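# A closer look at the structure
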Amino acid sequence: MFRVFGQWQYKINEKLKLNSGISGLYLGLNKSLSIEPRLGLSYRINDKNNIAIAYGRHSQMQPLPIYFSIDRNATAEQNALNKELDFIKSHHYVFSYTHHFTNKLKLKSELYYQNLSSIAVDPNEGHFSALNIGADFSFPKNTGLLNNGTGKNYGMEFTLQKNLHKGFYFLLTSSIFQSKYKGSDKIERNTYYNSNYVVNGLVGKEFEINKNLYLTIDSKFTYAGGKKHTPIDLQASINNNEETLNNTKIFESQYAPYIRPDLKIGVKTNVKKTTHTFSIDLQNFIGRKNVFTEIYNDQTQSVKTLYQRGFFPDVRYQIVF
């Protein structure tokens, strides 16, 4: 894989600035080549307000294992097709607005739309798309894939940020979005990653006990929509004696929201040429049981829910020279 790029910035006047660039991507495996223009225009309304628009064409490899998938039941021609897959391509469009309350506090809002194409899909399995690969930490063995898939992502993001000042900082981000795809059957569906919303918060404070000793308190919070999944067909699983998904409802179900608060308390001391830090990170300190996945249990002939790790304390001691 080779990538080259160049960029150029031109200040049209005191308020208007142009950012442009071009990127080239080449994959030696199958000689895929992509030339990607980028363009952005920002306008400073005044000292506190700024707007910007941007466009970019972006490409990336298909998930690496896909190129080398082998199906022992497929023909040599079908197995060879995956190696010839072109890049996934996307057109990105962004509009943003930034307001500076002070030189330490700002709010940024952003609207975006991504139009994806050339996604690897399976002509014999209509709902399959490379966009969903890796969702379950495994890779499919599908071969004979073609670059016929499409997708789109669009949404709105907000970021409220206070830079570190007098030992205090915070960062709050939120996003509302949609993520859709079409496989070879041309039916639009949710992607696995279409959780629809996510909110993240960071806040921290450093207390000076004396000039060489500090108490630090940091917290982090995440609240996000549960991941999409395809429900298990319980009766079919019982009849087949193995887990069978309801493929008429691909990614139509959604798990409960993901909630995780973390709290870290630490002591930092500065001595000659070194800094010593001792901290206790209380991850998911409320013990929230966030869903990881559902599986079919053939012993009980029922659907079992597996959960992610609950409360976990992480104790650290660090020396920085």
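Residues numbered from 1 in each chain as written. Predicted model: local features only at pLDDT ≥ 70, side-chain atom pairs only at ≥ 80, totals over all residues. Heavy atoms only, no water.

### What to know about unusual backbone geometry
A positive phi angle, close to 65 degrees, is found at lysine 186, a residue other than glycine. Within the secondary structure, lysine 186 sits in the loop between strand E9 (168-182) and strand E10 (188-190). Accessibility expressed as a relative area gives 51% for lysine 186, which makes it exposed. The phi angle at phenylalanine 251 is positive, at roughly 50 degrees, despite the residue not being glycine. Here phenylalanine 251 lies in the loop between helix H3 (234-240) and strand E14 (253-254). Here phenylalanine 251 falls in the buried class, since its relative accessible area comes to 13%. (Helix = DSSP H or I, 4+ residues; strand = E, 2+ residues; numbered from the N terminus. Buried < 20%, exposed > 50% of the residue type's maximum accessible area, 1.4 Å probe, protein only.)

### Observations regarding the layout of surface pockets
Remark: the empty space left among the atoms is shown by a probe the size of a water molecule rolled over them. Approximately 280 Å³ is the volume found for the second largest pocket. Forming the boundary of the second largest pocket are 14 residues, of which Gly225, Lys227, Tyr258, Val291 and Gln308 lie nearest the centre. Considered class by class, the residues forming the lining of the second largest pocket number 8 nonpolar, 5 polar and 1 charged. (1 Å grid on protein atoms, 1.4 Å probe; cavity = no way out; pocket = protein on both sides within 12 Å on 5 of 7 lines; lining within 4 Å. Points joined across faces, edges and corners; volume = space filled by probe spheres on them. Nonpolar A, V, L, I, M, F, W, Y, C, P; charged D, E, K, R; others polar.)

### Description of the side chain of serine 42
Mapped onto the fold, serine 42 is located in strand E3 (residues 32-44). For serine 42, a relative accessible area of 14% corresponds to the buried category. Excluding anything up to four places from it in sequence, serine 42 contacts Lys15, Leu16, Lys17, Asn50, Ile51 and Ala52. (Contact = heavy atoms within 4.5 Å.)

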